[in-house]
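# Summary of the model geometry
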Amino acid sequence: MAYTELYAADWNALPNVAMPFMNTVHSDELALVSRLLTDLENATAPASIDTQIAAWVEHTRAHFAREERLMHEYDFFATPCHQGEHEAALLQLLGVQQQWLRERDTAMLQDYIQHWREWLQQHISTMDFVTAQFLSQLNVQVEL
């Protein structure tokens with residue numbers, strides 16, 4: 001339980017950016033991971049955890065692909081840097097997924113979630129903030 005207590009006052013407090021669809025996607029992803037963390041703490045069956053991690057991976061892929069498509073479509077100046085962060089984060093998530101499937105190590109997955117939460121906060125505050133500002137100035141509209 002230490003992990004949710006660590007974030008208890010802060011867990012849902014993500015920075016907002018100038019594009020509402022990005023805030024929605026971030027909130028949805030955080031909700032997925034929060035449910036996963038709760039299930040880890042409650043010793044939910046590994047098969048259920050497998051399914052939740054797979055859903056997280058798919059959500060992340062769609063999240064990153066949508067942002068990258070927009071960055072390319074609108075010729076965003078920092079696309080290579082932003083996309084590079086996405087690639088590194090997705091590779092790490094896929095590695096954690098594989099490690100979980102091999103080892104069923106709850107502590108490892110909880111530690112990764114803590115790291116991911118810190119990464120997400122930083123990524124939103126930097127890369128997504130600038131990207132959203134850029135897209136909002138072009139009046140880009142995105143429906144989810």
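In this text the structure is predicted, and so the values were computed from the model without any measurement.

### Concerning the UniProt feature "domain: Hemerythrin-like" (unreviewed entry) in the protein chain
Within this numbering scheme, the UniProt entry marks residues 28-130 as carrying the feature "domain: Hemerythrin-like" (unreviewed entry). Note that residues 28-130 is 89% helix and 0% strand, and that its end C-alpha atoms are spaced 21 Å apart.

### Some thoughts on the pattern of salt bridges
Counting across every chain of the model gives 3 salt bridges. A salt bridge links glutamate 58 to arginine 61, with the nearest nitrogen and oxygen atoms 2.9 Å apart. Highlighted residues: glutamate 58 and arginine 61, both in helix α3 (residues 46-73), separated by 3 residues, approximately one helical turn. Glutamate 58 gets classed as partly exposed once you look at its relative accessible area, which sits at 46%. A residue is classified by how much of its surface remains accessible, and arginine 61, at 37% relative accessible area, is partly exposed. Arginine 69 is the salt-bridge partner of glutamate 73, the closest N and O atoms lying 3.0 Å from each other. Of the two residues, glutamate 73 and arginine 69 are both situated in helix α3; the distance of 4 residues between them amounts to about one turn of the helix. With a relative accessible area of 48%, glutamate 73 lands in the partly exposed category. Exposure remark for arginine 69: the relative accessible area of 45% places this residue in the partly exposed category.

### Things to note about the packing of aromatic side chains
For the structure shown, the criterion picks out 6 aromatic pairs. Seen from their ring centres, phenylalanine 76 and phenylalanine 77 are 4.7 Å apart, and the 55° between their planes marks the pair as tilted. Relative accessible area serves as the criterion here: at 62%, phenylalanine 77 is assigned to the exposed category. Ring pairs connect the aromatic residues Trp56, Tyr112 and Trp116, which therefore count as one cluster.

### Here's the deal with the nonpolar core
Of all hydrophobic cores here, the largest spans 37 residues; its most connected members are Trp56, Leu109, Ile113 and Trp116. Listed by contribution, the elements that provide at least two residues to this core are α2 (20-41), α3, α4 (79-103) and α5 (106-137). Considering each element in turn, this core owes the most residues, 11 residues, to α5. With residues near it in sequence (within four places) discarded, leucine 109 still touches Leu40, Ile49, Ile53, Val96 and Trp100.

### Things to note about α2
Between the first and last C-alpha of α2 there are 32 Å, a value that for 22 residues agrees with the 32 Å anticipated at 1.5 Å per step. The set of residues buried in α2 consists of Phe21, Met22, Asn23, Val25, His26, Glu29, Leu30, Leu32, Val33, Leu36, Leu37 and Leu40. The first or second residue beyond α2 is alanine 43, which carries a positive phi of 55°.

### Some remarks on the packing of α4 against α5
Running from amino to carboxyl end, α4 crosses α5 at an angle of 170°, the nearest separation of the two axes being 11 Å. The angle between the axes of α4 and α5 places the two elements in the roughly antiparallel class. Relative to α5, the crossing made by α4 is left-handed. In contact with Cys81, His82, Glu85, His86, Ala89, Gln92, Leu93, Val96, Gln99 and Trp100 of α4, α5 contributes Thr106, Met108, Leu109, Tyr112, His115, Trp119, His123, Met127, Asp128 and Thr131.

How each quantity is defined
Residues numbered from 1 in each chain as written. Predicted model: local features only at pLDDT ≥ 70, side-chain atom pairs only at ≥ 80, totals over all residues. Heavy atoms only, no water. UniProt positions renumbered as here; feature names shortened; annotations may be inferred. Helix = DSSP H or I, 4+ residues; strand = E, 2+ residues; numbered from the N terminus. Salt bridge = Lys/Arg side-chain N within 4 Å of Asp/Glu carboxyl O. Buried < 20%, exposed > 50% of the residue type's maximum accessible area, 1.4 Å probe, protein only. Phe/Tyr/Trp six-rings, centres within 6.5 Å; stacked < 30°, edge-to-face > 60°. Core = buried A, V, L, I, M, F, W, Y, C linked by side-chain atoms within 4.5 Å. Contact = heavy atoms within 4.5 Å. Expected span 1.5 Å × (residues − 1). Axes fitted to C-alpha atoms, helices over the stretch in contact; angles between N-to-C directions. Parallel < 35°, antiparallel > 145°, perpendicular 65-115°, else oblique. Left-handed = near helix turned anticlockwise from the far one by under 90°.

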